[in-house]
Amino acid sequence: MDGAFANDSRKSVLVIGGGAAGLMAAGAAAEGGAAVTLVERNPRMGRKLMITGKGRCNVTNNCTVEEFIANVPENGRFLYSALSAFMPQDMMAFLEGQGLPVKTERGNRVFPCSDKARDVVDALVEYVRRTGCRFRQGRVVSLRIKDGCCCGVQMEDGEALEADAVIVCTGGLSYPLTGSTGDGYRLAEQAGHTILPPRASLVPLVCREEWCREAQGLSLRNCALRVLDTRKNKVIFEDFGEMLFTHFGVSGPMALSASAHMREMEPGRYRLEIDLKPALAPEQLDARLVRDFTENRNRDFANSLGALLPRSLCPVLVRLSGIRPDVKCNAITREQRRDFAALLKSLPLTVEDFRPVEEAIVTSGGVKVGELNAKTMESKKVSGLYFAGEVLDVDAYTGGFNLQIAFSTGIAAGRHACR
């Protein structure tokens, strides 16, 4: 081993990637007695962690292992051992032990009480520092493999780093500016692993309707969403919460969650139905419209919706309703009013595609999990080589599940790589 560990008799472990999985893997390996070097290409650790949860960092989901796996549509059972060994409640206790209090919010989502992702990153980095890990900035370009064993890595600057074990925690392809550029896939392929083609998961949705551009920037905080697979004529997703209109379609928590259920994307297959007034039953909404139209009886329909809808949606809903904008409210028929109420309860959008994989929160695809030991995360093809985090072909819905996967698989790899 180079530098600080050159004359160290302990087992040497190299961890590639200083994100959620890498930081936990490095700390776990060091606590297990290994001499650990954590290699990160960025000057700062945890860059992607810094932007998760809108900068609040949804660290985990306070649920059981069985509930957790139900939220992992891709290879969830593979995670059973790792999650059982390091559960969401263990992660919560870990952060509390690092002096970072956490809280559980709607949907069992867990956040730091400070609501600052930076505090999570700082706690993890400080944990790794306290365990005695060495940090090395740079990019790994290849693995060093001899006689079926991984014995180190080759750096981009030409330096070779020797090690008894190597843990690859390089992430997927999402947010490449944070360092997730697919390096881990190339390293895995070098070791003979199968890579399932990376694709976007938890990603904004491109919609056919041009009116989304008119509502660009509008965030709906208390709406309901249904997603219909028109080919199967089946509702595949329902949720309540927040979504955001953009120049290309929709984003925000509910849209991102919905995208993970669209496993067979093709233009027009999936339809979104947005309930703008989920707190009102149809008859209650009709009564509300009767009251509003009565109060605005002598006003044009187009000018009567300010108390009912966000300003940017008013012209959109007027146009979609088919009611002439200049019709006086007292001239709107019962049938028109009820059709308008139905539109408010089920505003349709047609999904054309996902946004590019670089805009995804996480990527699906990656190292084929059947080629790894589910308990240890070690390669079945090359001894001493481990994988953890988003580089694996495992992804989950929103709600803290993906970060917990990174933490649990990182801990599993670190605990076993040091033995």
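Report on the accompanying structure.

The rules behind the values
- Residues numbered from 1 in each chain as written.
- Predicted model: local features only at pLDDT ≥ 70, side-chain atom pairs only at ≥ 80, totals over all residues.
- Heavy atoms only, no water.
- Axes fitted to C-alpha atoms, helices over the stretch in contact; angles between N-to-C directions.
- Helix = DSSP H or I, 4+ residues; strand = E, 2+ residues; numbered from the N terminus.
- Parallel < 35°, antiparallel > 145°, perpendicular 65-115°, else oblique.
- Left-handed = near helix turned anticlockwise from the far one by under 90°.
- Contact = heavy atoms within 4.5 Å.
- Nonpolar A, V, L, I, M, F, W, Y, C, P; charged D, E, K, R; others polar.
- Salt bridge = Lys/Arg side-chain N within 4 Å of Asp/Glu carboxyl O.
- Buried < 20%, exposed > 50% of the residue type's maximum accessible area, 1.4 Å probe, protein only.
- Phe/Tyr/Trp six-rings, centres within 6.5 Å; stacked < 30°, edge-to-face > 60°.
- Lys NZ or Arg CZ within 6 Å of the ring centre and 35° of its normal.
- Pairing = 2+ DSSP bridges.
- Expected span 1.5 Å × (residues − 1).
- Right-handed = clockwise from strand over helix to strand, strands pointing away.

So, the packing of helix 10 (residues 282-295) against helix 12 (residues 334-345)
Step number 1: It is at 10 Å that the axes of helix 10 and helix 12 come closest, and there the two elements cross at 120°. It follows from the interaxial angle that helix 10 and helix 12 lie oblique. Helix 12 is crossed by helix 10, and the crossing has right-handed handedness. Contacts from L285, D286, L289, V290 and F293 of helix 10 reach helix 12 at R337, R338, F340, A341, L344 and K345.
Step number 2: Of the residues contributing to the contact of helix 10 with helix 12, the split by class is seven nonpolar, no polar and four charged.

Focus on the pattern of salt bridges
Step number 1: Scanning the model with the defined rule gives 30 salt bridges in all.
Step number 2: With its nearest N and O atoms 2.8 Å apart, the salt bridge here joins D183 to R139. Highlighted residues: D183 in helix 7 (residues 183-190) and R139 in the loop between strand 6 (134-137) and strand 7 (140-146), separated in sequence by 44 residues.
Step number 3: Residue class for R139 comes out partly exposed when judged on its relative accessible area of 27%.

Considerations on the side chain of T60
Step number 1: Note on placement: T60 falls in strand 3 (residues 60-61).
Step number 2: Since its relative accessible area comes to 0%, T60 is described here as buried.
Step number 3: Every residue in contact with T60, bar those within four places of it in the chain, is listed here: P88, M92, N108, R109, V110, G399, G400 and Q404.

Regarding the packing of aromatic side chains
Step number 1: A full pass over the atoms with the stated rule returns five aromatic pairs.
Step number 2: Between F293 and F301, the aromatic rings sit 6.1 Å apart at their centres with planes inclined by 75°, giving edge-to-face as the arrangement.
Step number 3: In textbook terms, an aromatic cluster arises when at least three aromatic residues are bridged by ring pairs, as seen for F293, F301 and F340.
Step number 4: The ring of F111 has R56 sitting right over it, with the charged end atom 3.8 Å from the ring centre.
Step number 5: In this arrangement the basic side chain of R355 is found over the ring face of F248, its NZ or CZ atom lying 4.1 Å from the centre.

Some thoughts on the sheet that holds strand 8 (residues 149-155)
Step number 1: Strand order in the open sheet formed by three strands is 7-8-9, with antiparallel pairing between adjacent strands. What marks the edges here is a single partner per strand, and that holds for strand 7 and strand 9 (160-162). Across the sheet, the axes of successive neighbouring strands diverge by a mean angle of 30°, strand direction being ignored.
Step number 2: Relative to strand 9, strand 8 runs antiparallel, the two sharing three bridges. Residue pairing for strand 9: G152 is matched across the bridge by E162.

Some points on the environment of V120
Step number 1: By the element assignment, V120 lies in helix 6 (residues 117-130).
Step number 2: According to the relative accessible area criterion, V120 is buried, its value standing at 0%.
Step number 3: With 64 residues separating them in the primary sequence, V120 and R56 have C-alpha atoms 9.1 Å apart.
Step number 4: Discounting residues that sit within four places of it in the chain, V120 has contacts with C57, V59, L100 and P112.

A few points about the sheet that holds strand 19 (residues 385-387)
Step number 1: The parallel open sheet is built from five strands, whose spatial order is 6-2-1-10-19. Of all the strands in the sheet, the pair left with one neighbour each is strand 6 and strand 19. If you compare each strand with its neighbour and ignore which way they point, the axes differ by 20° on average.
Step number 2: Where strand 1 (residues 12-16) and strand 2 (residues 35-40) come together, five bridges link them in parallel fashion. The residue of strand 2 that forms the bridge with V15 is L38.
Step number 3: Docked against the sheet, helix 1 (residues 20-31) engages strand 1, strand 2 and strand 10 (165-168), running at close to 165° with respect to strand 2.

Some thoughts on helix 1
Step number 1: Taking 1.5 Å of rise per residue, 12 residues should cover 16 Å, and helix 1 covers 17 Å from first to last C-alpha, within 8% of that figure.
Step number 2: The element helix 1 is largely enclosed, with a buried count of 11 among its 12 residues.
Step number 3: Among the residues making up helix 1, those that are buried are A20, A21, G22, L23, M24, A25, A26, G27, A28, A29 and A30.
Step number 4: Phi turns positive, to about 105°, at G33, one or two residues after helix 1.

Topic: the environment of Q284
Step number 1: Within the element layout of this structure, Q284 appears in helix 10.
Step number 2: Measuring from C-alpha to C-alpha, the distance between Q284 and G365 comes to 46 Å, with 81 residues separating the pair along the chain.

Some points on the pairing of strand 1
Step number 1: Burial runs high along strand 1: five of the five residues are buried.
Step number 2: Alternating residues of strand 1 divide into S12, L14 and I16 and V13 and V15, and every residue in both groups is buried.
Step number 3: In this fold, the crossover linking strand 1 to strand 2 by way of helix 1 has right-handed handedness.
Step number 4: Sheet topology note: the strand 1/strand 10 ladder contains four bridges and is parallel. Residue pairing in the sheet places I16 in a bridge with V168 of strand 10.

Brief notes about unusual backbone geometry
Step number 1: Positive phi, normally seen in glycine, also occurs at C57, with a value near 70°.
Step number 2: Inspection of the secondary structure assignment puts C57 in the loop between helix 2 (47-50) and strand 3.
Step number 3: Positioned with a positive phi, D147 is a non-glycine residue whose angle comes to about 55°.

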